[in-house]
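# Observations on the three-dimensional arrangement
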Amino acid sequence: MATNSDGARNTKYVTMISGDGFEFVVLREACLLSPTIKGMLRGSFSEAKTGRCVFPEITGPVLEKVVEYLYYYHKNVNVPYVPDMEIPVELCLVLLEAADYFQLDKQMT
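Predicted, not measured: the structure shown is a model, and the values here were computed from it.

## So, the overall build of the protein
The helix and strand tally for the protein stands at five helices and three strands. Going from the N terminus to the C terminus, the protein shows its helices and strands as β-β-α-α-α-β-α-α. A sequence separation of at least 24 residues applies to 58% of the contacts in the protein between residues at least 6 apart. A total accessible area of about 7,000 Å² is found for the protein, and carbon and sulfur atoms account for 57% of it.

Shown next, in the form of structure tokens:
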């Protein structure tokens, strides 16, 4: 693993872990779309040193949809027409809360 001058590891992937123990290995580029995750992966935070981000309040199914969105947005950022993602009705409210937590609404510039 390469390290930069402040000792943080610059790996290609980040492991995102839900409160119920599900782990998702995600491209760092996709993770950095979230200002929340970007902040966790910088400086002297343990997440920056280990490349592992734990989200104790977020369940596996919700984190899975967040990861799916990060990849979806990363892949389609410069595409003029992108169809909507399929979101199960029963996850709508918690996904809205997760989007707020990850500050994903601020990324739509």
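There is more to say after this.
## Here's the deal with the nonpolar core
With 26 residues, the main nonpolar core has M16, I37, F55, L63, L70 and F102 as its most contacted residues. Put simply, the parts of the chain that give this core at least two residues each are β1 (13–18), β2 (23–27), α1 (28–31), α2 (35–40), β3 (52–55), α4 (60–76) and α5 (92–101). Residue contributions to this core peak at seven residues, all from α4. Not counting the four nearest positions on each side in its chain, L70 is found in contact with M16, A30, C31, L33, S34, I37 and L104.

## Points about the pattern of salt bridges
What the rule picks out here adds up to two salt bridges. A salt bridge links R52 to E23; the shortest N-O distance between them is 3.1 Å. Of this pair, R52 sits in strand β3 while E23 is found in strand β2, placing the two residues 29 residues apart along the sequence. Accessibility expressed as a relative area gives 36% for R52, which makes it partly exposed.

## Looking at α4
With 17 residues, α4 extends 24 Å between its outermost C-alpha atoms, agreeing within 8% with the 24 Å of an ideal straight helix rising 1.5 Å per residue. Three or more residues of α4 are buried, namely G60, V62, L63, K65, V66, V67, Y69, L70, Y73 and N76. Where α4 is buried, its residues meet β1, β2, α1, α2, β3 and α5.

## Examining the confidence of the model for the protein
Taken over all residues, the pLDDT of the protein has a mean of 88, while the share at 70 or more is 88%. This model gives residues 1–8 a pLDDT under 50, and the stretch forms eleven contacts once residues within four places in sequence are excluded.

## Some thoughts on the sheet that holds β2
Sheet strands line up and pair through hydrogen bonds in the backbone, either parallel or antiparallel. Read across the open sheet, the three strands follow the order β2-β1-β3; overall the sheet is mixed. The sheet is open, and its two edges are formed by β2 and β3, each paired on a single side. Averaged over all neighbouring strand pairs, the angle between strand axes comes to 25 degrees, with direction disregarded. Across five bridges, the pairing between β1 and β2 is antiparallel.

## Some words on the pairing of β3
The alternating pattern of β3 places C53 and F55 on a buried face and R52 and V54 on a face that is not buried. In the sheet, β1 pairs with β3 via four bridges, with the strands oriented parallel. Considered in β3, the bridge of T15 is made with R52.

## Digging into the environment of L70
In this structure, L70 sits in helix α4. Linking L70 and A30, residues 40 residues apart in sequence, is a C-alpha distance of 5.5 Å.

Rules of the game
Residues numbered from 1 in each chain as written. Predicted model: local features only at pLDDT ≥ 70, side-chain atom pairs only at ≥ 80, totals over all residues. Heavy atoms only, no water. Helix = DSSP H or I, 4+ residues; strand = E, 2+ residues; numbered from the N terminus. Contact = heavy atoms within 4.5 Å. Areas by Shrake-Rupley, 256 points an atom, 1.4 Å probe, with all protein chains shown as cover. Core = buried A, V, L, I, M, F, W, Y, C linked by side-chain atoms within 4.5 Å. Buried < 20%, exposed > 50% of the residue type's maximum accessible area, 1.4 Å probe, protein only. Salt bridge = Lys/Arg side-chain N within 4 Å of Asp/Glu carboxyl O. Expected span 1.5 Å × (residues − 1). pLDDT = per-residue confidence, 0-100. Pairing = 2+ DSSP bridges. Axes fitted to C-alpha atoms, helices over the stretch in contact; angles between N-to-C directions.

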